[in-house]
Amino acid sequence: MKNLEFWQFFEANAAAHLGHRQATFRYAFEFLDRLERPVFIVETGCVRKLDHWSDGQSTLLFDKFVTGLPGSVVHTVDLSPEATALCKTLVSPAVDVHTGDSVAFLHGLAKNPPARFPRIDLLYLDSYDVDMAAPHPSALHHLKELIAISPLIGPETLVVVDDAPKEVHYIPQGTSGAVFITDPRVGGKGKYVAEYAESIGAKRVFSDYQVAWTGF
């Protein structure tokens, strides 16, 4: 691990608060660290409240990581002006904070990427609050985001979707048993991205509360 300052922060200040996101965030940052160069991160849905770890605080984690790698760039976009105004007060100049619709923003970024980065290293999709009982609007939005930014996604890009636990259908049996009638599949925000990834043979590298792939 090369980014020692970040890892000291992660272990001392973040890991214990990340809960069901800890292992997957750790994987993502280890992935970035192995690149051993400045990185390009794109995030949809920025931090909305300081120390609200149940949301993951991803923007602050990305900022902390890239401050240890000069030349790195983070772009984050959120529809809420209140959220982006707060975010700007919490992050370093390495993070470019944008206000607007994420699909339109990503489409524009794909046409005009940073000169030094022909491909995104980490794409983190988390812009649309999900109703787990009715995930269609959020899942569709995140598929649109993936399509909008696709010119900047290379085979080595790590694509992560937050709030994407597995879902399964079952029939209750007695008081404590069940018969499963479907295999577990990615749900929540990642439902349609997962279906697309499977159809093109992208490699799923983890699937927990967050899900990620390479090979798009």
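This text goes with the structure placed above it.
This report concerns the structure included in the present document. In this text the structure is predicted, and so the values were computed from the model without any measurement. Residue numbering note: each chain is counted from 1, following its sequence as written. Where local features are concerned, this predicted model is filtered to residues with pLDDT of at least 70; where side-chain atom pairs are given and counted, the filter is 80 or more; whole-chain, interface and lining totals use all residues. Side-chain numbers here rest on the full set of heavy atoms in the structure, without hydrogens or water.

**Overview of helix 4 (residues 81-90)**
In step 1: When a residue's accessible area, from a 1.4 Å probe over protein chains only, is under 20% of the maximum for its type it is buried; when over 50% it is exposed; and in between it is partly exposed. Runs of E in the DSSP output that reach at least two residues are strands. Runs of H or I that reach at least four are helices, and both are numbered from the N terminus. For helix 4, the full list of buried residues reads A83, T84 and C87. Taken around the axis of helix 4, the buried residues stretch over an arc of 90°, which confines them to a single face. Looking at helix 4, the residues exposed on the side facing more than 90 degrees away from the buried face are E82, K88 and T89.
In step 2: In what follows, residue pairs with any heavy atoms lying within 4.5 Å of each other are defined as contacts. Looking at the buried positions of helix 4, the neighbouring elements they touch are helix 3 (58-67), strand 2 (73-78) and strand 3 (95-99). Of all possible arcs, the one meant is that of the directions from the helix axis to the C-beta atoms.

**Side note on the nonpolar core**
It is characteristic of soluble globular proteins that their nonpolar side chains tend to be buried jointly.
In step 1: We call a set of buried Ala, Val, Leu, Ile, Met, Phe, Trp, Tyr and Cys residues a nonpolar core when their side-chain atoms join them within 4.5 Å. Among the nonpolar cores identified, the biggest contains 34 residues, and F10, F25, F29, L32, I41, F62 and F65 are the most heavily contacted of them.
In step 2: Counting residues per element, the ones that place at least two in this core are helix 1 (4-14), helix 2 (22-33), helix 3, helix 4, strand 3, strand 4 (120-125) and strand 5 (153-161).
In step 3: In this view, F25 contacts F10, L18, G56, S58, L61, F62, Y124 and Q210; residues no more than four positions away in its chain are not counted.

**Description of the sheet that holds strand 2**
In step 1: Only when DSSP finds a minimum of two bridges between them are two strands counted as paired. Taken together, the 7 strands give an open sheet; going across it, the order is 3-2-1-4-5-11-10, and neighbouring strands pair in mixed fashion. In the strand order of this sheet, the two ends are held by strand 3 and strand 10 (203-207), each with one partner. If you compare each strand with its neighbour and ignore which way they point, the axes differ by 15° on average.
In step 2: One ladder, built from 3 bridges, connects strand 5 with strand 11 (residues 211-214); its direction is antiparallel. Note that in strand 11 the partner of V160 across the bridge is A212.
In step 3: Across the sheet, helix 6 (residues 136-148) touches strand 1 (40-44), strand 4 and strand 5, and the angle it forms with strand 4 is around 160°. Axes, fitted as lines to C-alpha atoms, cover a helix only where it is in contact. Angles between the N-to-C directions of the axes lie from 0 to 180 degrees.

**Section: the packing of helix 6 against helix 7 (residues 191-200)**
In step 1: Across the interface, helix 6 lies against helix 7 with an axial gap of 6 Å and an inter-helix angle of 50°. Between helix 6 and helix 7, the crossing angle belongs to the class labelled oblique. Residues H136, A139, L140, H142, L143 and L146 of helix 6 lie in contact with helix 7, whose contacting residues are K191, Y192, V193 and Y196.
In step 2: Residue composition of the contact of helix 6 with helix 7, grouped by class: 7 nonpolar, 2 polar and 1 charged. Comment on the angle field: the value is read as roughly parallel under 35 degrees, roughly antiparallel over 145, roughly perpendicular from 65 to 115, and oblique elsewhere. Residue polarity follows a fixed list, in which Ala, Val, Leu, Ile, Met, Phe, Trp, Tyr, Cys and Pro are nonpolar, Asp, Glu, Lys and Arg are charged, and the others, Gly among them, are polar.

**Regarding the layout of surface pockets**
The probe, sized like a water molecule, is rolled over the atoms to show the empty space still left.
In step 1: Only protein atoms enter the calculation, which uses a 1 Å grid: trapped sets of points that fit a 1.4 Å probe without letting it out are cavities, open sets showing protein on both sides within 12 Å along at least five of seven lines are pockets, and any residue with an atom within 4 Å of a point is a lining residue. Grid points are joined across faces, edges and corners, and a volume is the space filled by probe spheres set on the points. Put simply, the largest pocket is a space of about 290 Å³.
In step 2: Taken together, 18 residues form the lining of the largest pocket, with C46, R48, D55, D126 and D129 sitting closest to its centre.
In step 3: Here the residues of the lining of the largest pocket sort into 2 nonpolar, 5 polar and 11 charged.

**Considering the environment of V168**
In step 1: By the secondary structure assignment, V168 is in the loop between strand 6 (166-167) and strand 7 (170-173).
In step 2: For the pair formed by V168 and G187, sequence separation is 19 residues and the distance between their alpha carbons is 8.9 Å.
In step 3: Excluding anything up to four places from it in sequence, V168 contacts F180, T182, D183 and P184.

**Concerning the side chain of H141**
In step 1: Residue placement: H141 occurs in helix 6.
In step 2: Residue H141 is classed as buried on the basis of its relative accessible area of 13%.
In step 3: Apart from residues lying up to four places away in sequence, H141 is in contact with D101, S102, V103, S127 and Y128.

**Some details on helix 7**
In step 1: Within helix 7, burial applies to Y192, V193, A194 and A197.
In step 2: Buried positions along helix 7 lie against helix 6, strand 5, strand 9 (185-186) and strand 11.
In step 3: Phi turns positive, to about 80°, at G201, one or two residues after helix 7.

**Some words on the pattern of salt bridges**
In step 1: Each salt bridge in this description consists of a side-chain nitrogen of Lys or Arg and a carboxyl oxygen of Asp or Glu lying within 4 Å of one another. Counted under the stated rule, the structure contains 9 salt bridges.
In step 2: The closest approach of N and O atoms between D163 and K189, which form a salt bridge, is 2.8 Å. A residue pair is termed long-range when its members are at least 10 positions apart, and D163 in the loop between strand 5 and strand 6 and K189 in the loop between strand 9 and helix 7 qualify at 26 residues. Side by side, D163 and K189 carry an identical accessibility label, which is buried.
In step 3: Via salt bridges that share partners, R21, D126, D162, D163 and K189 belong to a single interconnected network.

**A short note on the packing of aromatic side chains**
In step 1: Between the rings of Phe, Tyr and Trp (Trp by its six-membered ring), a pair exists once the centres lie within 6.5 Å; its type follows the angle of the planes, with under 30 degrees stacked, over 60 edge-to-face, and the other angles tilted. Tallied over the full model, the rule gives 15 aromatic pairs.
In step 2: Relative to F10, the ring of F6 has its centre 5.8 Å away and its plane inclined at 40°; by these criteria the two rings are tilted. Note that F6 and F10 are positioned in helix 1 at a spacing of 4 residues, about one turn of the helix. Each member of the pair, F6 as well as F10, carries the same accessibility label: buried.
In step 3: Ring centres 5.4 Å apart and planes at 35° place the aromatic pair F29 and F65 in the tilted group. Residue F29 is found in helix 2, and its partner F65 is found in helix 3; the two are separated by 36 residues along the sequence.

The values are spatial; any link to function lies outside them.
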